[in-house]
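Working through the structure, step by step
Each chain, written out:
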Amino acid sequence: MTDQKILHSLPLSEAITISAQAVGEVMLGRSLTEVLDQLDAHERPIVQSLTFDALRKWVRSHEFIKEYIPKVPPPEVEYLLSVTIALLLQGSTGGKGYPAHTIVDQSVKACSEYEPTMYAKGLVNAVLRKVSLKIQAQNEGAYPPDPIPMFFPPWWRASLKKNFPKVWQAMLIQQAQRAPLILRVNAQQHTRQEYQDLLQQEGIASEPIAEIAGIALSSALLLREAVPVSDLPGFYAGAVSVQDAGAQIAAILLDPKPGDRVLDACAAPGGKTAHLLELAECGMIALELDGTRLGKIGGNLDRLRLQSDAVKIVRGDASKTAWWDGVLFDKILLDAPCSASGIVARHPDIPFLRREADIHALQLRQRAILTQAWNMLKPGGLLLYVTCSVFPEEGADQATWFAAEFVDALRLPAPGQILPTEVNDGFYYALFKKNG
């Protein structure tokens, strides 16, 4: 993404340039995760932070850009300004950002060192100085026109307004915030309290998350001040994983028992697979269609010391049978492909990548996988349908369709729609038992 090889530290001006390029990749329809994966290890933390904030503060930054540059600037200039205005906004609210004069200076330097923006350094300097003064004035009272600082497409807003009329704005404002660091303690190695004691010895404060949507959590911890995973005691020895509290419900609801034959039907990157194996020594097939993500499952299980002869990682399409040996499963976790509209706080590029037509296509895909998974389940077995979505088309509508389509499906208690909060992403859960 950048022609310059960065050998040691990454100056702010270079981080701004790379971040602006990353924003450009997202606007072309590319996943930010994929873009960030191509960066060197020393580049990624600061570039990810800058890019995430630029996307979270998109509406706010573009209010300023429109005010001071009535004619839409070329994309390279627009994206550089969006990154640097987000930095100015961060410094004005959190108290931990760079000083405003440093941001302006480094932004102008970034502009002058990158050929597509070189001509605009005078414009960038002038705009950022005006923005800096305006932000200082706004901090004394004036509030921006749109209380939601992040971009969400009109169809997205309309859907949430229709389905969640009392809370839709609060949901979007919440998703525009930085998500906290949530951990899942590996129950094979430590109790939650034991791991909290280890964190405390390292000077890391943590809080237990007791439950989400009425489901008790025994391994979830909240770190309000995020730290690198390398600072977490025993991380590389498998003591703990990073996993949203809402996602930790899945393994608990499916309740694996020793000797169960379990299918994780869309398994990558393997967080829920690992959690199931932490709860019980069961036979496991972790199925994933995407070959590029398949390796992440094995990597996670290796780190957590959960690999065994009873665990198989298989590449295959969950809507088809080519990979299957014909042996029925006791329990199936179907974390279905979806819009990912519930995990925007952790993946702020999602609203920029989704189109309204995607939802119907995803619905059809989810139904195909549900149908095939049901055929692979033993009588008396459990199927847990999960999406990280807040759209009813991917949640409640699908559960209603499934219950009507399959007369042998008994619906069991499950949380249904979980909306995003400070400590959890948005998820939908439906649990079915297959009657004999």
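Just above, that's the structure.
Anyway, here's the lowdown on the structure attached to this text. Numbers given for residues are sequential positions, taken from 1 along each chain in its written order. Residues qualify for local features only when their pLDDT is at least 70, as the model is predicted, and side-chain atom pairs are given and counted only at 80 or more; totals for whole chains, interfaces and linings, by contrast, use all residues. Side-chain figures throughout are based on the complete set of non-hydrogen atoms in the structure, without hydrogens or water.

Some thoughts on the sheet that holds strand β6 (residues 240–242)
Convention followed: At least two DSSP bridges between two strands are required for those strands to pair. Going along the chain from the N terminus, every DSSP run of H or I of four or more residues is numbered as a helix, and every run of E of two or more is numbered as a strand. In what follows, residue pairs with any heavy atoms lying within 4.5 Å of each other are defined as contacts. Between the N-to-C directions of two axes lies an angle of 0 to 180 degrees, each axis being a line fitted to C-alpha atoms and, for a helix, fitted only over the stretch in contact.
Read from one edge of the open sheet, four strands run β2-β5-β1-β6, paired in antiparallel fashion. At either margin of the open sheet sits one strand with a lone partner, and together these are β2 (207–208) and β6. Sheet analysis places strand β1 (residues 181–185) next to β6, joined by three bridges and oriented antiparallel. Residue V185 lies in a different strand from β6, and its bridge partner there is V240. Across the sheet, helix α10 (residues 192–201) is in contact with β1, β2, β5 (220–223) and β6; its angle to β5 comes to roughly 25°.

Topic: the environment of E78
Here E78 is to be found in helix α5 (residues 75–93). For E78 and V124, which are 46 residues apart along the polypeptide, the C-alpha to C-alpha distance reads 9.6 Å. In contact with E78, other than residues within four places in its own chain, are W58, H62, I65 and P73.

Quick notes on the nonpolar core
Test applied: Each nonpolar core is a collection of buried residues, namely Ala, Val, Leu, Ile, Met, Phe, Trp, Tyr and Cys, held together in the definition by side-chain atoms within 4.5 Å. Partly exposed residues are those whose accessible area sits between 20% and 50% of the maximum for their type, while under 20% is buried and over 50% is exposed, using a 1.4 Å probe and protein chains only.
In terms of nonpolar packing, the biggest core is built from 58 residues, with W156, L160, I209, I212, I249, L384 and Y429 touching the most fellow members. The biggest single contributor to this core is helix α11 (residues 249–254), with five residues. Once you skip the residues sitting within four places of it in the chain, I249 turns out to touch I212, I215, L217, P415, I418 and Y429. V26, L50, L89 and A120 belong to the second-largest nonpolar core, a separate cluster that totals 44 residues.

A closer look at the layout of surface pockets
The cut-off we apply is this: Definitions used throughout: a 1 Å grid over protein atoms alone; a cavity as a set of points that fits a 1.4 Å probe which cannot get out; a pocket as an open set with protein on both sides within 12 Å along at least five of seven lines; a lining residue as one with an atom within 4 Å of a point. Grid points are joined across faces, edges and corners, and a volume is the space filled by probe spheres set on the points. The residue classification treats Ala, Val, Leu, Ile, Met, Phe, Trp, Tyr, Cys and Pro as nonpolar and Asp, Glu, Lys and Arg as charged. All others, Gly included, are polar.
Taken as a whole, the second largest pocket encloses approximately 260 Å³ of empty space. Along the walls of the second largest pocket sit 15 residues, with A20, Q21, G24, E76 and Y79 positioned nearest its centre. Of all the elements in the fold, those that place two or more residues in the lining of the second largest pocket are α1 (12–27) and α5. Broken down by element, the residue count for the lining of the second largest pocket peaks at six residues, all from α1. Residues of the lining of the second largest pocket, tallied by class, amount to nine nonpolar, four polar and two charged.

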